[in-house]
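Examination of the molecular architecture
Okay, here's what each chain looks like letter by letter:
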Amino acid sequence: MTTQPDDWDRHEGELVAPVRAELEALRARHRHDPPLELLRAADAGALPDDLHDPVAASLAQSAWQRQLVEDLAEVEPGLDEAARARLLARIQAEAGRSAPASAPVRRFPYFWRPVLAFAATAVIVTAVVVRMRVPGQQPPVTPAGTPAAAVDAPHYVLTLDKPDVKLTAKALVRRSTGRGANFVDDIAPAMNAFRAGDYATAAREFARVAPQYPEAEEIPYYLGVSRLFLNDAPGAIAALTSAQKIADDTFSADVAWYLAVAHERAGDPTAARTGLDALCQGSSAYAARACDAAARLKG
Amino acid sequence: MAEFDAVYRAHVQSVYRFALRAVGNRALAEDLTAEAFLELYRRRDEIDVSRLPAWLLTVVRNKARDHWRRQQVERRYAEQEAELDPVETPALERWVLESADLKPVHRTCLMLRYVQGMTRAEIAETTGLTEIQVKGHLQYALELLRRTYFKDGMR
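In short, a report on the structure. (Residues numbered from 1 in each chain as written. Chains lettered and ligands numbered in written order. Predicted model: local features only at pLDDT ≥ 70, side-chain atom pairs only at ≥ 80, totals over all residues.)

So, the packing of helix α8 (residues 183-195) of chain A against helix α9 (residues 199-209) of chain A
Residue and element names in this part refer to chain A. Two numbers describe how α8 lies on α9: the axes approach to 8 Å, and their chain directions differ by 160°. By the criterion of interaxial angle, the relationship of α8 to α9 is roughly antiparallel. In this structure, α8 crosses over α9, and the sense of that crossing is left-handed. Along the contact surface, α8 presents D186, I187, P189, A190, A193 and F194, while α9 presents T201, A202, E205, F206 and V209. For the contact of α8 with α9, the class distribution of residues is 8 nonpolar, 1 polar and 2 charged. (Axes fitted to C-alpha atoms, helices over the stretch in contact; angles between N-to-C directions. Helix = DSSP H or I, 4+ residues; strand = E, 2+ residues; numbered from the N terminus. Parallel < 35°, antiparallel > 145°, perpendicular 65-115°, else oblique. Left-handed = near helix turned anticlockwise from the far one by under 90°. Contact = placed C-beta atoms within 7 Å. Nonpolar A, V, L, I, M, F, W, Y, C, P; charged D, E, K, R; others polar.)

The following block contains the structure:
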């Protein structure tokens, strides 16, 4: 995986020339970083224990590595309609092959009837989308479609409650980098959608304005909470972790609480407990709830 | 679990995204996603939907750990010196991390190209972008670098 000079065209070579030595130095500085796939796996808690510790330690020490992992999670598209339909067909085929002989015969066709209907619909929709898509454009990334309420939460220790909408004092004077636009006006569509409980729109709008306001903790915080309501716990963790890095006193406890909620929903109660223990020792409005929830998670 | 289709639609995207982070490979991430939902199907009488998607993510996480064990990456990584150079963060690194005009997609392409040393095709494979998009994002990032890095006196 080495960039050879002949992989660069002339224009790229000209643009790189003034900083070529610095780029080489940067590359040398990071030559011993853990491989990218290990960094990402460590961030997801998906490495075996003996490998997790050194990679996670490296990740914790390096803002560069963390930024790369976060950005990549932001950039990667999810499954498009065609892939979802293909995957569903594959699950269906595998389930058919592995169905135990003793399984009730009537149940299987009944169970898969709506699934097949969905797969057929997905294929048709895909055909239409493919015909309409502009060449070279990425397929749209759509969040999980079913409202959270349909499958959410009575068994989670940490309940998912909608937070009050608030802004930091800085928000009133914050302006977009390079555009001079007003922050409160720019986030109004996202905030209005969030207030109305339209989390898909809210998540989309917060993600849209995020690059314009990299210092605004409100955006990754409400983006993370929106993703929680969309059942996207890993996405919520990514956003809330970003919020945690920049949050001041206005939001730090809120961010910590919802990050714990996200960790539990992502199947990582240990991470949830760690966050709750810290909240429990503080004096925020979440302290009592966090102590109680941490104790119940341990139980 | 008669609402399997709704469960699938509700969670497949987040399960796949998590799998992609966990193993860093699209085809393998699809495999793990399929295996997790298949496991859910097989145990549909035992699993309460209110435990989703955490249960699915746990299945993926465990399968990803098995994958990494099989890869025997421990030895490969252990052979490397993993310490970061302790000198002060270079100006160019600070610019890449802090430039407000550099969106995640531009920064990712820049990091993968010039620090990870990937070809455009490898970046496209890693990010899910097309090679033409990668080229465009790199060009934007480099032009922004030329315009602002020297002008802002970060060097």
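Details of the environment of A:A207
Mapping A:A207 onto the fold places it in helix α9. When the C-alpha positions of A:A207 and A:A190 are compared, they lie 9.1 Å apart, and in sequence the two are 17 residues distant.

What to know about the packing of α9(A) against helix α10 (residues 218-229) of chain A
All names here are of chain A. The geometry of α9 relative to α10 is characterised by a closest axis approach of 9 Å and an angle of 150° between their N-to-C directions. Relative to α10, α9 is oriented roughly antiparallel. In this structure, the crossing between α9 and α10 has a hand that is left-handed. Along the contact surface, α9 presents Y199, A202, A203, F206, A207 and V209, while α10 presents I219, Y222, L223, S226, R227 and F229.

Re unusual backbone geometry
Residue B:P53 is bonded to the preceding B:L52 through a cis peptide linkage, with omega at 5°. Position of B:P53 among the secondary structure elements: in the loop between α2 (26-42) and α3 (54-71).

Digging into the interface of chain B and chain A
Contacts between the two partners involve 81 residues from chain B, matched on the other side by 84 residues from chain A. Counting residues per element, the side of chain B that touches chain A draws most heavily on helix α1 (residues 4-23) of chain B, which supplies 18 residues. Of the residues contributing to the side of chain B that touches chain A, the split by class is 43 nonpolar, 15 polar and 23 charged.

Points about the environment of B:Q13
All names here are of chain B. Relative to the elements of secondary structure, Q13 occurs in helix α1. Given 24 C-beta atoms within 10 Å, Q13 falls into the buried group. Distance from Q13 to T33, taken between C-alpha atoms, is 9.2 Å for residues 20 residues apart in sequence. (Buried ≥ 20, exposed ≤ 12 C-beta atoms within 10 Å, placed from the backbone.)

Notes on the nonpolar core
By size, the foremost hydrophobic cluster in this structure holds 117 residues, and its most contacted members are A:A41, A:L240, A:A262, B:A19 and B:V60. Residue contributions to this core peak at 12 residues, all from α1(B). Not counting residues within four places of it along the chain, the set of residues in contact with B:V60 comprises B:V15, B:F18, B:A19, B:A22, B:L32 and B:A36. (Core = buried A, V, L, I, M, F, W, Y, C linked by C-beta atoms within 7 Å.)

Quick look at helix α8 (residues 131-149) of chain B
Given 3.6 residues per turn, any residue in an α-helix points the same way as the ones three and four places further on. Given a rise of 1.5 Å per residue, 19 residues ought to cover 27 Å, and the 26 Å separating the end C-alpha atoms of α8(B) matches this to within 8%. Listed in full, the buried residues belonging to α8(B) are B:V134, B:H137, B:L138, B:A141, B:L142, B:L145 and B:Y149. When α8(B) is viewed along its axis, its buried side chains cluster within an angular range of 130° and face the same direction. Exposed residues lying more than 90 degrees from the buried face of α8(B) are B:I132, B:E143 and B:R147. Looking at the buried residues of α8(B), the elements they touch are α1 (10-16) of chain A together with α5 (91-98), α6 (104-114) and α7 (120-127) of chain B. (Expected span 1.5 Å × (residues − 1). Arc of directions from axis to C-beta.)

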